[in-house]
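# An overview of the molecular structure
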Amino acid sequence: MSEILIKNANLCDPIQGINCENMDICIRDGKIVESVSENAEIIDAGGRLTMAGGFDGHTHSAGKINVGRFINPNDARRKLVPGLSGPEKRTEKTRAQVGYNTPNTYAIGYRYAKLGYTTICEAAIPMLAARHTHEEFKEIPILDKMGLSLFGSNWQVMEYIRDKEPEKLAAYVAWGLKASRGYGVKIVNAGGGEAWGWGKNVNGLYDPVPNFDVTPAEILMGLVEANEKLQLPHSVHVHCNNLGKPGNYETTIETMKMFEKVKPTVDRQSLHVTHVQFNAYAGTSWRDFETGAPMVSDYLNSANHLTFDLGQVIFGPAVTMTADGPVEYANSRLLHEKWSNQDIELEDASGVVPLSYSPKSFINAVQWAIGLELALLVEDPWKIMFTTDSPNGGSFVNYPEAFTYLMSAKKREQVISGFGQMALDRMVLPGIDRELSFYELAIMTRSMQSKMYSRPEKGNLKVGSDADIAIYDIIPGDIDPSVEHEKVKQAFSGAAYTLKDGKVVVKDGQIEATPMGRTYWVNAKVPADIDSAMQKDTDIKFKKYYTVSKSNYMVEDSYLPNPVEISTEGVF
Amino acid sequence: MPVIKDAVCSLCGSLCDDITVTVEDNKITKIENACILGHSKFVGMFEHDRIETPMIRKDGELVPVSYEEAIGAAAKILVNSRRTLSYGWCSTSCEAISKAIQLAEETGSLIDSTANVCHGPSALAAQEKGAPGASLGVIKNRADVIVFWGCNPVHAHPRHMSRYSSFSKGLFSTKGRKGRKMVVIDVRKTDTAKLADRYVEIEQGSDLLLITALRSAVNGHEDVIPQTVAGVSKEEVLELAETLKNAQFSCVFFGMGVTQSRSKYKNGDGVSSLISDLNQHSKAVMIGMRGHYNVTGFGQVATWETGFPMAIDFARGFPYYNPGETGANDVLVREEADAAIISAADAGAHFPQKAVRHLAKIPVIQIDPYANPTTELADVVIPAAVVGIEAEGTAYRMDAIPLRMKKLIDTEFKTDEQIAKDLIAKVRELKGGA
């Protein structure tokens, strides 16, 4: 039995409604408890800001990121954020580290932990290559992990939707999650991956997918029905059609509206729309490009069925990586950049292109503003997850910098003062004076994820929850984040303490211990007759079209050294 | 008798996963679906020159010792070395590669794979221009034009054409070979070329000229193309460009004829640029024909663990990458390495003479199931189980699709992974004691 007493913590725990109150936190065997014995080890928080461990619910940290590393060896040497990037020697406690946008696996674990984050969700698992994601997970220390499996351009999915076979579709989704050890359903540019198989794209929700006689709208509605039938812990996680195109905010709002009628079968949202910054563009071309955030935010303020994340842009080098294959090819041609692509048979597409966001570019400046506008114009922080879609908008190591944009209008003004008039004319950010509190920041970085992913033991410090805790070197009452934004950034850049399952993993911004985290995956139960009918169809797919055997498709137990199986009962 | 289905063949980068193996009395007695190369690997286990026992060279002769003794001697070499080269790790599992990288990190060694003498330039090309690819099943289901450039799958990847490319049938390629145009570009009429609809013979070392001419044609700059390029007539260049542009889906498979001939990585860079240009007209991708069954896996594991795919130098305590300076042959030719550990690859047979001569001068540790020319140079020889037959583990196909190799029979030999782990433990023990 191991016990820790954190004394005099200034706790900010929105799920419990606790807003920066001084109290003690008791930990036994990795969980929060009511009380501990006199023998408990004592950590004196000294009135410093204390939150549950951060939870990044959309990050590219295992799998596709390896293509980013591979084609950008220069990134390994980038030292743009002190203490959180660039090469670091091996130590007694840590493996050697490199990288900024695409750190090696060890650095991903250590650096998230230094930020006080303890859980991450990989945003895209191509099912055929799922072993790869889990192999990288195995080498990411400290963090708990989960991943979302790609279904949005899958032949079997599209055929079941076309043929109106919702039960078999649900069975297939359940099987796919099991095969790839995924946690949820990711849909990227629905139908666009298949169109990209011919070098084409779909242009909106009602543009049919070549050869499959379904539309993106039908794919989205079919998969959400399956998702709810299976009572999955997470909602469908949608990367909208038309990403990155001026004028796409209309498609985004249209997509969000389609889900109003969906009744979730689990106590959570029925839709998560990801990296909305890239999907909140107005204008008709890059010439008259401007922010669409006010329109999207208006809609989000009126809707209660969905959550979204930002995809905030950070100035400097980034690496775009997405299953949206056509977007990456377009990026590479537009920017004259190197281009990697990986289409996956019967399933999806993907691409990787490096780029750099510059405040001197009016487009990049407006993109930067759009993320913040969304965060500040949408009133209810429980709808918003903070992300940079790392490393698409920028590396996660910049989160502390981005927090200061949210918490300090002065800091924003500093950045905005470097923009040209054309950029200023295309954004609304300069007129927004809202500044987020620590409480609101905690919601966006850990608390809302608890409900969004149905992980009640995460993102809060209630009795019974995981003792994943971050203590930051800030005394909330003594600091004005609006003015002292540099101090806020410093504090969030290296936690005074990060605890993972009640173990101190970071102290004074340095790694203390590197335990292996868990991998969550979902096993959704499906009636045997429906399952076997579905398996017959899948058998044909493997026999005729896949180049691997069905038996070699399933990710074996040995790839998940510390698995947590989440079982759900399908409603059929 | 146990019949094991869907075994993964651990010979070439095609990583065929449909092999049926019959095992009797811990011997493989029947192999179905494998090609001649794969078949030889499965049966060769019992016929070829296995290293039967760990050995240490004493007075010029390799003398049998225990595993413990061999690992102790190897660890001593590693601890006493100031500049160790760790090379190979491509005919083994990702799990072993991961441990090899950890060993290199802990000993401040330089670690490199067989890509150093193979597809290394393809990695450099990808770092210049990216690598637009696809999984092999995408080719099977969609491609109507297939180009083999500087590779000879009939001999090097015998089932490639039937499983993944020329002859395979899929959803949009129901006619198989009949519905496809197959082009071979090479310096001599190989057996693969004999099967092609169009064989384009080029002058040796002139690949980049032809690639550039094709790009000019694809991009509408016919006028700059001379009457003959790389020994190919302008007319033929234009026809080939039209074939590619008018394809629904084309794939360029490229081999060492592209990566290791004159212009090296610039050839791959050119192919990548050509693919990008072609996508203005139709869908096109490129895939490298990787040789060792898990050389792709080495690149993957090394990239996620160190940030770099090959030629990784840990001398500074963190990974440093500069191929040309930190490649296996670079440190050997410069006579810089003072010890080497060579595993699951054969530097003795494949390296240039100057590099091999230096290997002969320094202590060499070999980890391998089979005796080969490297054994003749080795001072410590540690026999290993054959991965994919006697040991399980992960391997990445040439298109970066990971597969789980099965253990088919039992063995007394240690796995590469276990040997690497033992070496890490022994090195720690020796360093701790010092």
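Residues numbered from 1 in each chain as written. Chains lettered and ligands numbered in written order. Predicted model: local features only at pLDDT ≥ 70, side-chain atom pairs only at ≥ 80, totals over all residues.

## Some details on the overall build of chain A
Operational definition: Numbering of helices and strands runs from the N terminus; a helix is a DSSP stretch of H or I covering at least four residues, while a strand is a stretch of E covering at least two. Using C-alpha atoms as the atom set, the radius of gyration is obtained and then compared with a globule rule of 2.2 Å times the number of residues to the power 0.38. As a rule, residues whose C-beta atom has 12 or fewer other C-beta atoms within 10 Å are exposed, those with 20 or more are buried, and those in between are partly exposed; C-beta atoms are placed from the backbone.
Looking only at helices and strands, chain A has 17 helices and 24 strands in total. For 572 residues, the compact-globule formula gives about 25 Å, and the C-alpha radius of gyration of chain A, at 22 Å, lands near that figure. Its C-alpha atoms put chain A at 65 × 60 × 45 Å along the principal axes. Every one of the 572 residues in chain A was classed for burial, and the buried ones make up 62%.

## A short note on unusual backbone geometry
Residue and element names in this part refer to chain A. The omega torsion of the bond from Ser390 to Pro391 falls at -5°, within 30 degrees of zero and hence cis. For Pro391, the location among the structural elements is in the loop between strand E18 (384-385) and helix H12 (399-407). With phi around 30°, His275 is a residue other than glycine that occupies positive phi space. Judged by C-beta crowding, with 24 C-beta atoms within 10 Å, His275 ranks as buried.

## Observations regarding the sheet that holds strand E2 (residues 19-24) of chain B
All names here are of chain B. Spelled out, the test is: Think of it this way: DSSP has to see at least two bridges between two strands before they count as a pair. Helix axes use the C-alpha atoms of the stretch in contact, all axes being lines fitted to C-alpha atoms, and the angles between their N-to-C directions lie in the range 0 to 180 degrees. Note that contacts rest on C-beta atoms placed from the backbone: two residues are in contact if these are within 7 Å.
With antiparallel pairing, three strands are arranged side by side in an open sheet as E1-E2-E3. Two strands bound the open sheet, and with one partner strand each, they are strand E1 (3-7) and strand E3 (27-32). Here the average twist between neighbouring strands, direction ignored, is 25°. Relative to E3, E2 is paired through five bridges, and the arrangement is antiparallel. Its bridge partner being in E3, Thr20 is matched across the sheet by Glu32. Its contacts with the sheet place helix H1 (residues 36-47) against E2 and E3, and it is angled at close to 170° to E3.

## What to know about the environment of Lys550(A)
Residue and element names in this part refer to chain A. Here Lys550 is to be found in the loop between helix H17 (528-544) and strand E24 (563-569). Judged by the 15 C-beta atoms lying within 10 Å of it, Lys550 is partly exposed. Along the sequence, Lys550 and Leu115 sit 435 residues apart, while their C-alpha atoms lie 41 Å from each other. When sequence neighbours within four positions are dropped, the list of residues in contact with Lys550 reads Thr538, Asp539 and Phe542.

## Some words on the interface of chain A and chain B
The condition is simple: Only Asp, Glu, Lys and Arg are considered charged in this grouping, and only Ala, Val, Leu, Ile, Met, Phe, Trp, Tyr, Cys and Pro are considered nonpolar; every other residue, Gly among them, is considered polar.
Facing the 46 residues of chain A at the interface are 51 residues of chain B. Sorting the residues of the side of chain A that touches chain B by element identifies helix H1 (65-71), helix H3 (130-138), helix H10 (325-335) and strand E16 (340-343) of chain A as the ones contributing at least two each. Residues of the side of chain A that touches chain B, tallied by class, amount to 17 nonpolar, 16 polar and 13 charged. Sheet topology places E16(A) next to strand E8 (residues 132-134) of chain B; three bridges connect them, and they run parallel. In the strand pairing of E8(B), Asp343(A) is matched with Ala134(B).

## Concerning the sheet that holds strand E14 (residues 249-254) of chain B
Two modes of strand pairing occur in sheets, parallel and antiparallel, and in both the strands are linked by backbone hydrogen bonds. All names here are of chain B. Spatially, five strands are ordered E11-E10-E9-E14-E15 in an open sheet, and the strand pairing comes out parallel. The sheet is open, and its two edges are formed by strand E11 (198-201) and strand E15 (283-288), each paired on a single side. When the angles between neighbouring strand axes are averaged without regard to direction, this sheet yields 15°. Bridge count for E14 against E15 is six bridges, and the pairing is parallel. Of the residues in E15, the one forming a bridge with Phe253 is Ile287. Helix H9 (residues 234-245) contacts strand E9 (145-149), strand E10 (181-186), E11, E14 and E15 of the sheet and is inclined by roughly 135° relative to E10.

## Here's the deal with the domain arrangement of chain B
All names here are of chain B. For the record, the criterion: Domain boundaries shown here were taken from an automatic or database domain assignment.
The domain architecture assigned to chain B consists of domain 1 (3-42), domain 2 (51-117 + 293-433) and domain 3 (120-288). Between domain 1 and domain 3, the contact holds seven residues from the first and six residues from the second. Partitioning the side of domain 1 that touches domain 3 into residue classes produces five nonpolar, two polar and no charged.

## Quick notes on the packing of helix H8 (residues 207-218) of chain B against helix H11 (residues 265-278) of chain B
Helices that pack against each other are described as a pair by the angle of their axes relative to one another and the distance between those axes. Residues and elements named next belong to chain B. Using the following cut-off: Should an angle fall under 35 degrees it is called roughly parallel, over 145 degrees roughly antiparallel, and 65 to 115 degrees roughly perpendicular, with every other angle called oblique. We call a crossing left-handed when the near helix sits turned anticlockwise from the far one by less than a right angle, and right-handed when that turn is clockwise.
Interaxial distance between H8 and H11 falls to 9 Å at its minimum, and their mutual angle equals 15°. Between H8 and H11, the interaxial angle falls into the category roughly parallel. For the pair H8 and H11, the crossing hand works out as left-handed. In this structure, H8 contributes Asp207, Leu208, Ile211, Thr212, Leu214, Arg215 and Val218 to the contact, and H11 contributes Lys266, Asn267, Gly270, Val271, Ser273, Leu274, Asp277 and Leu278. Residues belonging to the contact of H8 with H11 are distributed by class as follows: seven nonpolar, four polar and four charged.

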